[in-house]
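# Structure at a glance
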Amino acid sequence: MIKERKERFENSSGLEIQRNYEPKERQPEKAGEFPFTRGVHESMYRSRLWTMRQYAGFSTAEASNERYHYLLSQGTTGLSVAFDLPTQIGYDSDHGLSEGEVGKVGVAIDSIRDMEALFKGINLGQVSTSMTINATGFILLAFYVALAKRQGVDPKVLRGTIQNDILKEYAARGTYIYPPRPSMRIITDIFDWCSKEVPKWNTISISGYHIREAGSTAAQELAFTLANGKAYLEAAIAVGLDINVFAKRLSFFFNAHNNFFEEIAKFRAARRMWAQIVKQLGATDVKAMRMRFHTQTGGSTLTAQQPMNNVSRVTLQALAAVLGGTQSLHTNGYDEALSLPTEEAARIALRTQQVIAHESGVADTVDPLAGSYFVESMTDEIAAAAWQYIEKIDAMGGAVKAVEEGYIQEEIARSSYTFQKNMEEGKEIIVGVNQFKVEREEPVPIFKIDDSIRLVQIEKLKQLKAERDNAAVQSALAEVERCARENINLMPAVITAVDQYATLGEVSDVLRGVFGEYVG
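My aim in this report is to walk through the structure given alongside it, one point at a time. (Residues numbered from 1 in each chain as written. Predicted model: local features only at pLDDT ≥ 70, side-chain atom pairs only at ≥ 80, totals over all residues. Heavy atoms only, no water.)

Of regular secondary structure, the protein chain possesses 19 helices and nine strands. Relative to its length of 520 residues, the protein chain is compact, with a C-alpha radius of gyration of 23 Å against a globular reference of 24 Å. Considering only C-alpha atoms, the protein chain reaches an extent of 85 × 60 × 45 Å along its principal axes. Looking at the protein chain residue by residue over its 520 residues, the buried ones come to 57%. Looking at the protein chain, you have 57 positive and 66 negative side-chain charges, and the mean spots of the two groups are 4 Å apart. (Helix = DSSP H or I, 4+ residues; strand = E, 2+ residues; numbered from the N terminus. Rg over C-alpha atoms; globule rule 2.2 N^0.38 Å. Buried < 20%, exposed > 50% of the residue type's maximum accessible area, 1.4 Å probe, protein only. Lys, Arg positive; Asp, Glu negative; His and termini not counted. Charge placed at Lys NZ, Arg CZ, Asp CG, Glu CD.)

Structural data, given as structure tokens:
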């Protein structure tokens, strides 16, 4: 016997990698047909490339607007907005808890005036915008719709996505405000209102990305994301919404990690499994069974040591996403383990996508790895492992119950610990971190945000509150409260309130008074 490098080869999900794979009897599948393993469209990238997004947002709306114009000039085909932590958890920039965080991990948005500055010179009817926002997603969507109307754009033509995935916040990330059940009510309000008023908008991006960033395996990322998706379907059905209508506007958001073939298999398995879940819950329109997803390369895989190695990591991850059939892609900057990406790092990240699209040839045929003994077997195995988790969650009463009982959080924490332990023991090799180190690191320019940004935002808020009709604002906020208490759809009242210059924090606080706050 030839001695091999390891006694056992396995991927992140603990599935053993065999030395050889043999062909299996399979039912032939085509892209664009149920269960969509090979892709959601018949011709995939032969007819249209994936949307190339670059996630960006920092400092003030004005500064972020400059970056958006730069990215659009460089060939980005869709905007992806990052918001700072106060915006994500419903605090205005002048709130005491906002100190030290304003504009740091995204752009600060306190009012519709900030939203106007953020999209100055950008016609909302001509761009697709993804907004990574959850607990306050309904407020940011209200800002966006109100701004579109001010631009003279019919909301029915608006294209984009709000992440709006609150269940993964409880499980993996922590930027929640209200308890799970009122949060689910807000989400079904968004589904219902958007299906009538903003029909081209993706009302949720059910996110495995942050589950993976928190330390899950690929199989767990897939399982917990689909379990959350199933919970959203069931919540919407429970209030009388038509699955054949609202399910068409659901989208997903996955992570792309370094284990190349495992990631490709994960994406292929995800489409197959989601199609089966939606069909089992009563959908009859095949379009409602299609999983469309955005992918972002793995932030947690980026290293502060030898950061230029991250260019290679991002390239592998982006290629896996494309070979797995993503509809939209963000590639991380090589410097993001150190700071927000510099303009140069953002450009290299975008060029990585463009090289894959236009020079590699991988976009010229549909699902080019279909029929690979290895990829097909791994697709089956990832799906089987994910189904086991979903069955456990179903037996507990669904994803909301599993989150409330801490099951999903505990599983992620266990996987994260195992990975960290293996890395520290040298069982997991991280190039430049625990092997192949250098004695001296070359400094990399980093992008810093000045703490004075908060003072700028506070002055804006003072001016806004001095100039607006405060009686009209209070009346509009009272209507938001009434709708919350009487279980009336919140979206029309929130849109009216923000159009009257109510701030994000004021709307959030009204609902805190009705729903309370969740303490995990």
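Our focus in this paragraph is the packing of helix α13 (residues 373-396) against helix α15 (residues 407-424). Running from N to C, α13 and α15 point in directions that differ by 150°, and their axes come no closer than 11 Å. By the criterion of interaxial angle, the relationship of α13 to α15 is roughly antiparallel. Residues Tyr389, Lys392, Ile393 and Met396 of α13 form the contact with α15, whose participating residues are Tyr407, Ile408 and Glu411. Grouping the constituent residues of the contact of α13 with α15 by class yields five nonpolar, no polar and two charged. (Axes fitted to C-alpha atoms, helices over the stretch in contact; angles between N-to-C directions. Parallel < 35°, antiparallel > 145°, perpendicular 65-115°, else oblique. Contact = heavy atoms within 4.5 Å. Nonpolar A, V, L, I, M, F, W, Y, C, P; charged D, E, K, R; others polar.)

On to the side chain of threonine 203. Mapped onto the elements, threonine 203 comes out in the loop between β5 (201-202) and β6 (204-207). Its relative accessible area of 2% is what places threonine 203 among the buried residues. Leaving out residues up to four positions away in the same chain, threonine 203 has contacts with Ile162, Asn164, Ile190, Phe191, Cys194, Arg249 and Leu250.

What follows covers a nonpolar patch on the surface. Taken together, the side chains of Ile429, Val431 and Phe436 present a nonpolar region at the surface, about 290 Å² in accessible area. Structurally, the position occupied by isoleucine 429 is in the loop between α15 and α16 (453-467). Here isoleucine 429 falls in the partly exposed class, since its relative accessible area comes to 46%. (Patch = residues over 30% accessible without salt bridge, like charges linked within 9 Å, V, L, I, M, F, W, Y side chains within 5 Å. Areas by Shrake-Rupley, 256 points an atom, 1.4 Å probe, with all protein chains shown as cover. Salt bridge = Lys/Arg side-chain N within 4 Å of Asp/Glu carboxyl O.)

In this section: the state of the cysteines. Here the structure, examined in full by the defined rule, presents zero disulfides. With no disulfide of its own, cysteine 194 lies closest to cysteine 483 among cysteine sulfurs, the gap being 16 Å. Residue class for cysteine 194 comes out buried when judged on its relative accessible area of 1%. By relative accessible area, which is 3% here, cysteine 483 ends up buried. (Disulfide = S-S within 2.5 Å.)

Most of strand β8 (residues 293-297) sits inside the fold, with five of its five residues counted as buried. Here β8 shows two buried faces, one formed by Phe293, Thr295 and Thr297 and the other by His294 and Gln296. Pairing geometry for strand β7 (residues 250-256) and β8, over five bridges, is parallel. Within β8, the residue paired with phenylalanine 252 across the bridge is phenylalanine 293. Taking the sense of rotation as the criterion, the β-α-β connection linking β7, helix α10 (residues 260-280) and β8 turns out right-handed. Of the strand pairs in this sheet, β8 and strand β9 (residues 328-330) are connected by three bridges, and their pairing is parallel. Within the sheet, the bridge partner assigned to glutamine 296 lies in β9 and is histidine 330. Taking the sense of rotation as the criterion, the β-α-β connection linking β8, helix α11 (residues 309-323) and β9 turns out right-handed. (Pairing = 2+ DSSP bridges. Right-handed = clockwise from strand over helix to strand, strands pointing away.)

Turning next to unusual backbone geometry. With an omega of 5°, the peptide bond between phenylalanine 34 and proline 35 qualifies as cis. Of note, the phi angle at phenylalanine 36 is positive, near 70°, even though the residue is not glycine. Within the fold, phenylalanine 36 resides in the segment before β1 (51-56). One non-glycine residue, asparagine 487, lies in the positive phi region at around 60°. You can see asparagine 487 is positioned in the loop between α17 (470-485) and α18 (491-499). With a relative accessible area of 57%, asparagine 487 lands in the exposed category.

With the rule as written, the count across this model stands at 20 aromatic pairs. With centroids separated by 5.4 Å and ring planes inclined at 85°, the aromatic side chains of phenylalanine 119 and tyrosine 144 adopt a geometry described as edge-to-face. Placement of the pair is phenylalanine 119 in the loop between α3 (112-118) and β3 (128-132) and tyrosine 144 in helix α4 (residues 137-151), with a sequence separation of 25 residues. For the pair formed by phenylalanine 119 and tyrosine 144, the shared burial category is buried. A centroid spacing of 4.9 Å and a plane angle of 75° characterise the contact between tyrosine 170 and tyrosine 518, whose relative ring orientation is edge-to-face. (Phe/Tyr/Trp six-rings, centres within 6.5 Å; stacked < 30°, edge-to-face > 60°.)

Bringing helix α19 (residues 504-515) into the picture now. Taking 1.5 Å per residue as the helical rise, α19 with its twelve residues ought to reach 16 Å, and the 16 Å between its terminal C-alpha atoms agrees with that figure. Counting buried positions along α19 gives nine out of twelve residues, so the element sits mostly inside the fold. Taken as a whole, α19 has its buried residues at Leu504, Gly505, Glu506, Val507, Ser508, Val510, Leu511, Arg512 and Phe515. Buried residues along α19 sit against α2 (85-88), α4, α6 (180-197), α16, α17 and α18. At the C-terminal side of α19, glycine 516 shows a positive phi close to 80°. (Expected span 1.5 Å × (residues − 1).)

In this structure, the largest pocket spans a volume of roughly 1,600 Å³. What lines the largest pocket is a set of 45 residues, among which Ser12, Phe419, Glu428, Ile429 and Ile430 lie closest to the centre. Of all the secondary-structure elements, those providing two or more residues to the lining of the largest pocket are α7 (209-213), α10, α11 and α15. It is α15 that contributes the most residues to the lining of the largest pocket, seven residues altogether. The computed volume of the second largest pocket comes to approximately 920 Å³. (1 Å grid on protein atoms, 1.4 Å probe; cavity = no way out; pocket = protein on both sides within 12 Å on 5 of 7 lines; lining within 4 Å. Points joined across faces, edges and corners; volume = space filled by probe spheres on them.)

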